[in-house]
Amino acid sequence: MEDAGKKAVTEGVDCKIPVTEAWIRKHRLLYDGATRHPFIRSIRDGSVDFTSFKRWLGQDYIFVRSFVPFAASTLVKSSKESGDGLDMEVILGGMASLNDEINWFKNEASKFHVSLTSVVPQKPNIKYCRFLENLTSSEVEYPVAISVFWAIEVVYQESFAHCLEEGNMIPEELQATCERWGNEGFGTYCKTLREIADRCLQKASPEVISKAEVAFLSVLEYEVDFWNMSVGEA
Ligand SMILES: Cc1ncc(CN)c(N)n1
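- As annotated in an unreviewed UniProt entry, the chain carries the name aminopyrimidine aminohydrolase and comes from Lactuca sativa.
- As stated in UniProt under Sequence similarities (unreviewed entry), the record for the chain gives "Belongs to the thiaminase-2 family."
- For the chain, the Pathway (unreviewed entry) comment in UniProt is given as "Cofactor biosynthesis; thiamine diphosphate biosynthesis."

A word on the nonpolar core
Right, so step 1: Counting residues in each nonpolar core, the largest one holds 75 residues, and the members touching the most others are Ile43, Trp56 and Phe160.
Right, so step 2: Counting residues per element, this core draws most heavily on helix H8 (residues 142-164), at 14 residues.
Right, so step 3: Setting aside anything within four residues of it in sequence, one finds isoleucine 43 in contact with Val48, Phe160, Cys163, Met169, Ile170, Pro171, Leu174 and Cys178.

Remarks on the UniProt feature "binding site: substrate" (unreviewed entry) in the chain
Right, so step 1: In the numbering adopted here, UniProt assigns the feature "binding site: substrate" (unreviewed entry) to Asp60, Glu101 and Glu153. A maximum C-alpha distance of 12.9 Å places the annotated residues, which cover 94 residues in sequence, within one compact spot. Lining residues of the largest cavity, restricted to the annotated ones just named, are Asp60, Glu101 and Glu153.
Right, so step 2: Of note, glutamate 101 is situated in helix H6 (residues 86-111).
Right, so step 3: Those residues in contact with glutamate 101 that sit more than four places away from it in its chain are Val64, Arg180 and Trp181.
Right, so step 4: With respect to the element layout, glutamate 153 can be found in helix H8.
Right, so step 5: Looking at glutamate 153, the relative accessible area reads 4%, which means it is buried.
Right, so step 6: When neighbours within four sequence positions are excluded, glutamate 153 is seen to be in contact with Phe67, Leu98, Phe186, Tyr189, Cys190 and Leu193.

Comments concerning the packing of aromatic side chains
Right, so step 1: Inspection of the entire model under this criterion finds 30 aromatic pairs.
Right, so step 2: Between the aromatic rings of phenylalanine 67 and phenylalanine 70, the centroid separation amounts to 5.8 Å while the plane-to-plane angle is 25°, which identifies the pairing as stacked. A residue pair is termed a helical-turn pair when its members lie 3 or 4 positions apart in one helix, as phenylalanine 67 and phenylalanine 70 do in helix H5 (residues 50-81) at three residues.
Right, so step 3: Judged by its relative accessible area of 0%, phenylalanine 70 falls in the buried class.
Right, so step 4: One aromatic cluster is present, formed by Phe39, Phe50, Phe53, Trp56, Trp104, Phe105, Phe112, Tyr156, Phe160, Trp181 and Trp227 through successive ring pairs.
Right, so step 5: Lying over the aromatic face of tryptophan 181, arginine 180 brings its terminal NZ or CZ to 6.0 Å of the ring centre.

Quick notes on the site of the ligand
Right, so step 1: Every residue close to the ligand is listed here: Asp60, Phe63, Val64, Glu101, Tyr128, Ile152, Glu153, Tyr156, Trp181, Glu223 and Phe226.
Right, so step 2: Between the ligand and the protein, one listed contact pairs a nitrogen atom with a side-chain N or O atom of aspartate 60 at 2.6 Å.
Right, so step 3: The contact in question runs from a nitrogen atom of the ligand to an N or O atom on the side chain of tyrosine 156, over 3.2 Å.
Right, so step 4: Relative to its unbound accessible surface of 290 Å², the ligand loses 100% to contact with the protein.
Right, so step 5: Among the detected pockets, the ligand sits in the largest cavity.
Right, so step 6: In the shell around the ligand, the residues fall into seven nonpolar, no polar and four charged.

Some details on the packing of helix H3 (residues 28-35) against helix H11 (residues 206-230)
Any two packed helices are characterised by the angle at which their axes cross and by the distance between the axes.
Right, so step 1: Their axes nearest at 8 Å, the elements H3 and H11 cross at an angle of 40°. As the angle between them shows, H3 and H11 are arranged oblique. Taken as a pair, H3 and H11 cross one another with a handedness that is left-handed. Along the contact surface, H3 presents Leu30, Tyr31, Gly33 and Ala34, while H11 presents Phe216, Leu217, Leu220, Glu221, Glu223, Val224 and Trp227.
Right, so step 2: The residue inventory of the contact of H3 with H11, partitioned by class, reads eight nonpolar, one polar and two charged.

What to know about empty space enclosed by the protein
Right, so step 1: Under the definition given, this model contains one cavity of 30 Å³ or more.
Right, so step 2: Approximately 60 Å³ is the volume attributed to the largest cavity.
Right, so step 3: Taken together, Asp60, Phe63, Val64, Phe67, Leu98, Glu101, Ile152, Glu153, Tyr156, Trp181 and Glu223 make up the lining of the largest cavity.
Right, so step 4: If you list the elements that add at least two residues to the lining of the largest cavity, you get H5, H6 and H8.
Right, so step 5: Of the residues forming the lining of the largest cavity, the biggest block, four residues, is contributed by H5.
Right, so step 6: For the lining of the largest cavity, the residue count by class is seven nonpolar, no polar and four charged.

Rules and cut-offs
- Residues numbered from 1 in each chain as written.
- Predicted model: local features only at pLDDT ≥ 70, side-chain atom pairs only at ≥ 80, totals over all residues.
- Heavy atoms only, no water.
- UniProt positions renumbered as here; feature names shortened; annotations may be inferred.
- Core = buried A, V, L, I, M, F, W, Y, C linked by side-chain atoms within 4.5 Å.
- Buried < 20%, exposed > 50% of the residue type's maximum accessible area, 1.4 Å probe, protein only.
- Helix = DSSP H or I, 4+ residues; strand = E, 2+ residues; numbered from the N terminus.
- Contact = heavy atoms within 4.5 Å.
- 1 Å grid on protein atoms, 1.4 Å probe; cavity = no way out; pocket = protein on both sides within 12 Å on 5 of 7 lines; lining within 4 Å.
- Phe/Tyr/Trp six-rings, centres within 6.5 Å; stacked < 30°, edge-to-face > 60°.
- Lys NZ or Arg CZ within 6 Å of the ring centre and 35° of its normal.
- Near = heavy atom within 4 Å.
- Polar contact = N/O pair within 3.5 Å; in protein donor to acceptor, adjacent residues only side chain to side chain.
- Areas by Shrake-Rupley, 256 points an atom, 1.4 Å probe, with all protein chains shown as cover.
- Sits in = over half its atoms within 2 Å of the grid points.
- Nonpolar A, V, L, I, M, F, W, Y, C, P; charged D, E, K, R; others polar.
- Axes fitted to C-alpha atoms, helices over the stretch in contact; angles between N-to-C directions.
- Parallel < 35°, antiparallel > 145°, perpendicular 65-115°, else oblique.
- Left-handed = near helix turned anticlockwise from the far one by under 90°.
- Points joined across faces, edges and corners; volume = space filled by probe spheres on them.

Here you go:
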């Protein structure tokens, strides 16, 4: 009986267990590595090194700019594949908040005296951006793209929401950063993206589900590398 339950979890085909939940359970260590990185913990406990924070700020600005074409390509896929058009509206809203994110980075960079025009993208960032660029192809299936979209957003949401949990000692200067991704509205948005991903994955072929899982794992690995780069370990 217990084995039958486990099988359903690992394959993620039982309607009772959404595919994304099955993935998170199966890859818990890596998921926690991406969402509870030492850099994030250092923001939460106040021991963060501001040089690392500024490095992250500059590199993430570059990343967010390359996230936009990927988001646009996912929007196109959603417009073709989601029946009621509601997915497209959610992604469109996400793109609007990416626009705010870009402006937010510009403001923060000026506060922290980071010159965004002189930031040189580092290897982990270049690799992550290249991964996203490859996913913009029309040959990449919508369930794969939307799973990646969700995974990228949820890593930041979970990380910064963790920073905000009770007992935090976030430096005053970084409070706004944590609220940007850790706020309730962003949490709801990520939940909606996850529901869209699960609905698409539920209808997808085993081959596409497996491609999406590989892409999900890649996101987690790239996110860990990205945090490592920020603390100067890449
Ligand atoms: C690396 C990374 N991952 C996710 C996010 C959230 N949009 C971001 N800004 N940067």
